[in-house]
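Chain by chain, the residues:
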Amino acid sequence: VGVIGDRFALICSGFGVCMFGFALLGCAATKTNMRFLLLVYSIVLLLLLVAFGMLMITEAAASRSDKVKQMVQSAWESRVVSHAGDLCDLQHDMQCSGFTSNCSGQWTNDTRPSDCPACHLEKDSHYPNACWNVLQAKIHENLKPLLYISIITFVVLGMALMGALYMCQRLKVSNREYRLYETIRSDE
């Protein structure tokens, strides 16, 4: 918890490269005065704006959501049996015990709560805090910078969309100019 994995960093880097390419597409559309390309660029900007808006709403709700708690609790309880050692290390590192239960009591395998892994004596958790409270704080802490980045990206995308729509409007040929063009063309 709290450490960005290599895979996530690679995905973020790939997304950044794609955004750079997308920005170049917008610049090319503006430079070449290709209205169709600018409209495609505007549509994709609008889709990205909607996607980032939904991402911000999801991020804001995720840290306090019961669904997130249920999902994490389900994963926790499945690991109690299959990977108890990992949970014991996690409990020891985060100084908590159990997901919602206090695992610091003297338990036998029959009386142990379902969210308490059977740990070795040196890793047995004797901490009074349940791990969900600590995990929830970590989730909120890790989502906060992502929320700020999403808000900034949302604003930048909105400004880019307004610029692209302005350029589309500027490239619009009026009927009077079109008739003048047709007159000149027919004289040739």
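Residues numbered from 1 in each chain as written. Predicted model: local features only at pLDDT ≥ 70, side-chain atom pairs only at ≥ 80, totals over all residues. Heavy atoms only, no water.

Student: Even after reading the chapter, I still don't get the overall build of the protein chain, so can you show me in this structure?
Tutor: Counting its regular elements, the protein chain contains six helices and zero strands. Counting from the amino terminus, helix and strand elements in the protein chain follow one another as α-α-α-α-α-α. Buried residues in the protein chain amount to 26% of all 188 residues. Residue pairs at least 24 apart in sequence account for 74% of intrachain contacts in the protein chain once pairs closer than 6 positions are excluded. (Helix = DSSP H or I, 4+ residues; strand = E, 2+ residues; numbered from the N terminus. Buried < 20%, exposed > 50% of the residue type's maximum accessible area, 1.4 Å probe, protein only. Contact = heavy atoms within 4.5 Å.)

Student: Can you walk me through the confidence of the model for the protein chain in this structure?
Tutor: The predicted coordinates should not be examined in detail at positions where pLDDT is low. Taken over all residues, the pLDDT of the protein chain has a mean of 76, while the share at 70 or more is 82%. The weakest mean pLDDT in the protein chain belongs to helix 6 (residues 175-187) at 69; the strongest belongs to helix 4 (residues 84-94) at 82. (pLDDT = per-residue confidence, 0-100.)

Student: Would you explain helix 4 in this entry?
Tutor: An α-helical segment advances 3.6 residues per turn. Residues three or four places apart therefore align on the same side. Listed in full, the buried residues belonging to helix 4 are Ala84, Leu87, Cys88, Gln91 and Met94. Across the axial projection of helix 4, the buried residues extend over an arc of 145 degrees, all falling on one side. Considering only its buried residues, helix 4 is in contact with helix 3 (66-82) and helix 5 (131-171). Looking at the residues trailing helix 4, positive phi occurs at Gln95, about 55 degrees. (Arc of directions from axis to C-beta.)

Student: Teacher, can you tell me more about the packing of aromatic side chains here?
Tutor: What describes a pair of aromatic rings is the distance from one ring centre to the other and the angle between the planes of the rings. A full pass over the atoms with the stated rule returns three aromatic pairs. For the ring pair Trp76 and Phe99, a centre distance of 5.7 Å and an interplane angle of 55 degrees mean the geometry is tilted. Linking Trp76 in helix 3 with Phe99 in the loop between helix 4 and helix 5, this pair joins segments that are 23 residues apart in sequence. For Phe99, a relative accessible area of 0% puts it in the buried group. Ring geometry for Phe99 against Trp132: centres 5.4 Å apart, planes inclined by 35 degrees, an arrangement best described as tilted. Here Phe99 is found in the loop between helix 4 and helix 5, whereas its partner Trp132 is found in helix 5, with 33 residues between them in sequence. The same class applies to Phe99 and to Trp132, which are both buried. An aromatic cluster of at least three residues, connected via ring pairs, comprises Trp76, Phe99 and Trp132. (Phe/Tyr/Trp six-rings, centres within 6.5 Å; stacked < 30°, edge-to-face > 60°.)

Student: I'm lost on the nonpolar core in this one. Help?
Tutor: What tends to happen in soluble globular proteins is that the nonpolar side chains get buried as a cluster. Phe22, Leu38, Tyr41, Leu45 and Leu157 are the most contacted members of the largest nonpolar core, which has 14 residues in total. Broken down by secondary-structure element, the contributors of at least two residues to this core are helix 1 (6-31), helix 2 (35-62) and helix 5. With residues up to four places along the chain from it excluded, the contact list for Leu45 reads Phe22, Leu157, Ala160, Leu161 and Ala164. Grouped together as the second largest cluster of nonpolar side chains are 11 residues, Trp76, Val80, Leu87 and Cys131 included. (Core = buried A, V, L, I, M, F, W, Y, C linked by side-chain atoms within 4.5 Å.)

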